[in-house]
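# Report on the structure
Next come the chains, spelled out residue by residue.
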Amino acid sequence: MGPGARSREEQRATGEGGAHEGILRRQAQRESAARTYARSLPIVPVRARGLTIEGADGRRYLDCLSGAGTLALGHNHPVVLEAVRKVLDSGAPLHVLDLATPVKDAFVTELFATLPAKLAADARIQFCGPAGTDAVEAALKLVRTATGRRGLLAFSGAYHGMTAGALDVSGGADDVRVARLPYPRDYRCPFGVGGERGAELAARWTETVLDDPKSGIPDPAGMILEPVQGEGGVIPAPDAWLRRMRELTEARSIPLIADEIQTGVGRTGAFWAVDHAGVVPDVMVLSKAIGGSLPLAVVVYRAELDAWEPGAHAGTFRGNQLAMAAGAATLAYVRENGLAERAGLLGARLIGRLQGLAAAHPCVGDVRGRGLMLGVELVDPEYGTGPGGGGGAGGAGAAGPGSYGSGAYGSGSAGPGGAGPGIAGPGVERPGTNGPGSGDAWVTGPRTTGPRTTGASDLTPPPDPALAAEVQRQCLDRGLIVELGGRHNAVVRLLPPLTLTDEQAEAVLDRFADALAAAERAHRSRPSGPSR
């Protein structure tokens, strides 16, 4: 029996041990083919506290998924439970549509206390349906109503939700009805240079598109961006680039929408990720952690954009009192205990340790992130290492908690036979056929459905989604829950709660390091398949 596992007698007493397989089997039979996390994480949680989840089979796991970033304080934090019990014990109504209540008033007061001061001083708030994607829809409707324009600006690699409008502005949209702009990336830069120069080129491209009367892009109602792209592969926006986007939009009266659904409430080392750059957006889309683990989503925006008619955006479950109580308690706890600052410091240490792993594991192409929003991109280091090949992984040196504007966003060095930062070899990071920032901008020649069609002279090895999946499996075997993301699901994502202790962080790193080594061994032992 592994550490922390419950005895068979305890499991039999609760009826949990035998229920595990049956519950998973019934889920597979009854739930839709669209289920996601349940496929790669076949566990049945029955208890949870802080970082730890206990499954029905008695095993315990360190949860570095945290409800996709929802659990800022981890599972069942005492202040959250106390806030929920207080509402339940008070006899207050749990469902009130959009009526005013003391619980809602307290939540809005606490939320406004955390917002950028210039926005909070003149802000309006719209309560939406309980998912972040509905708040994105509301934000898009808002700016279109306020400006009278229909066009939208979004970025390659973005993820804003699963409803129609949110998908339109996400990076994987098929029927594109928005203008897609390049998001700066140090690793796999769409312009082949990375660093400050890559971010500068991305900003210049955007400026050119906005000012070119022949660009083919209609007048935009708004620009939506993530300060750190999460599902896109944990890619932090350089601070100077973000400030440049604010300057460009403000000068052209284009509302700037910051999607802080996953980055907010201290996750990146500042209460809101836009705070790093000192940017004040016109609209902020908020969900996940603001509900303290319960469903809640809002849009906060400048008062002059409030051009809606009554009922222009509505939803039956806008008045979730338990979520507002849990959210207010979470916001206050993060603010009063300096958890955002702690996330920044601990995240920097974790990145340093992960970069140390990269030095010993060529399959780690890049380590990046901000605060406790971390990503490890796994690659095939043997691709193109034959005669005339392009060398190994790029040294995982790119991402620290800073930005290219502060000099802390440098490029990783190339492997043997490769080239250093700023040198674009044949076939590297060239814009795809749809222009800079298209979904596979680093693929040369015709676009394909596979992750790689390039020649051996490339400097960056191709992503290795099969290895990433093996790492995730090995992590789970060792009691560590992680998620995958990125363009080809080759980025292992770590989103631990902000309450993570130093000791817990060491345990997470130890388990991840062991899983990575085991995954490499298992991956190498398999017969070679056709080239990816």
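Everything below is about the structure shown above.
The shown structure was predicted, so the numbers you read here are calculated from the model rather than taken from an experiment.

What counts, and at which threshold
- Residues numbered from 1 in each chain as written.
- Predicted model: local features only at pLDDT ≥ 70, side-chain atom pairs only at ≥ 80, totals over all residues.
- Heavy atoms only, no water.
- Buried < 20%, exposed > 50% of the residue type's maximum accessible area, 1.4 Å probe, protein only.
- Helix = DSSP H or I, 4+ residues; strand = E, 2+ residues; numbered from the N terminus.
- Pairing = 2+ DSSP bridges.
- Contact = heavy atoms within 4.5 Å.
- Expected span 1.5 Å × (residues − 1).
- Phe/Tyr/Trp six-rings, centres within 6.5 Å; stacked < 30°, edge-to-face > 60°.
- Lys NZ or Arg CZ within 6 Å of the ring centre and 35° of its normal.
- Axes fitted to C-alpha atoms, helices over the stretch in contact; angles between N-to-C directions.
- Salt bridge = Lys/Arg side-chain N within 4 Å of Asp/Glu carboxyl O.
- Arc of directions from axis to C-beta.
- Parallel < 35°, antiparallel > 145°, perpendicular 65-115°, else oblique.
- Left-handed = near helix turned anticlockwise from the far one by under 90°.
- Nonpolar A, V, L, I, M, F, W, Y, C, P; charged D, E, K, R; others polar.

## Describing the pairing of strand S11 (residues 283-286)
Because side chains alternate across S11, one face comprises the buried residues Val283 and Val285, and the other comprises Met284 and Leu286, equally buried. Bridge count between strand S10 (residues 256-259) and S11: three bridges; the pairing is parallel. Counted as the bridge partner of Ile257 is Val283 from S11. Sheet analysis places S11 next to strand S12 (residues 298-302), joined by four bridges and oriented antiparallel. Within S12, the position partnered with Val283 by the bridge is Tyr301.

## Focus on the environment of Val300
Within the secondary structure layout, Val300 lies in strand S12. The spatial distance from the C-alpha of Val300 to the C-alpha of Val285 is 6.6 Å, given a sequence separation of 15 residues. Once residues within four sequence positions are removed from consideration, Val300 is found in contact with Leu111, Leu115, Leu119, Ala123, Arg124, Ile125, Asp282, Val283, Met284 and Leu286.

## Notes on helix H15 (residues 502-525)
An ideal rise of 1.5 Å per residue puts 34 Å on 24 residues; H15 measures up with 35 Å between its terminal C-alpha atoms. Listed in full, the buried residues belonging to H15 are Ala505, Val508, Leu509, Phe512, Ala515, Leu516, Ala517, Ala518, Ala519 and Glu520.

## A closer look at the packing of aromatic side chains
All chains considered together, the criterion is met by six aromatic pairs. With a centroid separation of 6.1 Å and an interplanar angle of 55 degrees, the aromatic rings of Phe107 and Phe127 are classed as tilted. Residue Phe107 is found in helix H6 (residues 102-114), and its partner Phe127 is found in strand S4 (residues 123-127); the two are separated by 20 residues along the sequence. Take Phe127: its relative accessible area is 8%, and that puts it in the buried class. An aromatic cluster is defined as three or more aromatic residues linked by ring pairs; in this entry it consists of Phe155, Tyr183 and Trp241. Sitting above the plane of the Phe127 ring, Lys104 keeps its charged end 4.9 Å from the centroid.

## Looking at the environment of Leu498
Tracing the sequence through the fold places Leu498 in the loop between strand S17 (491-494) and H15. Looking at Leu498, the relative accessible area reads 1%, which means it is buried. With 164 residues separating them along the chain, Leu498 and Val334 place their C-alpha atoms 8.3 Å apart. Leu498 has contacts with Ala72, Val265, Gly266, Arg267, Val334, Leu339, Ala343 and Leu372, leaving out every residue within four places of it along the chain.

## Comments concerning the sheet that holds strand S1 (residues 45-49)
Pairing in this open sheet of four strands is mixed, and the strands run S1-S2-S3-S15 from one edge to the other. Each end of this open sheet is capped by a strand with a single partner; those strands are S1 and strand S15 (480-481). Relative to strand S2 (residues 52-55), S1 runs antiparallel, the two sharing four bridges. If you follow Pro45 over to S2, its bridge partner there is Gly55.

## Re unusual backbone geometry
The backbone of Ala68 shows a phi angle near 55 degrees, a positive value even though the residue is not glycine. Look at Ser293: it is not a glycine, yet its phi comes out positive at around 100 degrees.

## Focus on the sheet that holds S12
Taking strand neighbours across the sheet as the criterion, the seven strands line up as S4-S12-S11-S10-S7-S5-S6 in an open arrangement whose pairing is mixed. Looking at which strands have only one partner, the edges of the open sheet turn out to be S4 and strand S6 (179-181). The sheet shows a mean angle of 20 degrees between the axes of neighbouring strands, direction not considered. Where H6 meets the sheet, it contacts S4, S11 and S12, and its direction lies at approximately 130 degrees from that of S4. Where helix H10 (residues 195-211) meets the sheet, its contacts fall on strand S5 (151-155), S6 and strand S7 (220-225), and the angle it forms with S6 comes to roughly 155 degrees.

## With respect to the pattern of salt bridges
Taken as a whole and assessed by the stated rule, the structure comprises 24 salt bridges. Arg368 is the salt-bridge partner of Asp366, the closest N and O atoms lying 2.8 Å from each other. Look at Asp366 and you get buried, because its relative accessible area is 2%. In this structure, a network of salt bridges that share partners links the residues Glu207, Asp211, Arg244, Glu247 and Arg252.

## Topic: helix H5 (residues 78-90)
If you check H5, its first and last C-alpha atoms are 18 Å apart, about what 13 residues at 1.5 Å a residue would give, namely 18 Å. Looking only at H5, the buried set comprises Val80, Ala83, Val84 and Val87. Within H5, the buried residues cover an arc of 95 degrees as seen down the axis, which keeps them to one side. Along H5, exposed side chains directed more than 90 degrees from the buried face belong to Glu82, Lys86 and Asp89.

## Considerations on the packing of helix H13 (residues 339-360) against H15
For the pair H13 and H15, interaxial distance at closest approach is 11 Å and the crossing angle is 25 degrees. Taken together, the axes of H13 and H15 lie roughly parallel to each other. In terms of crossing hand, the pair formed by H13 and H15 is right-handed. Packed against H13, whose contacting residues are Arg342, Leu346, Arg349, Leu350, Arg353, Leu354 and Leu357, the element H15 presents Asp502, Ala505, Glu506, Leu509, Asp510, Phe512 and Ala513 at the interface. Counted by class, the contact of H13 with H15 contains eight nonpolar, no polar and six charged residues.

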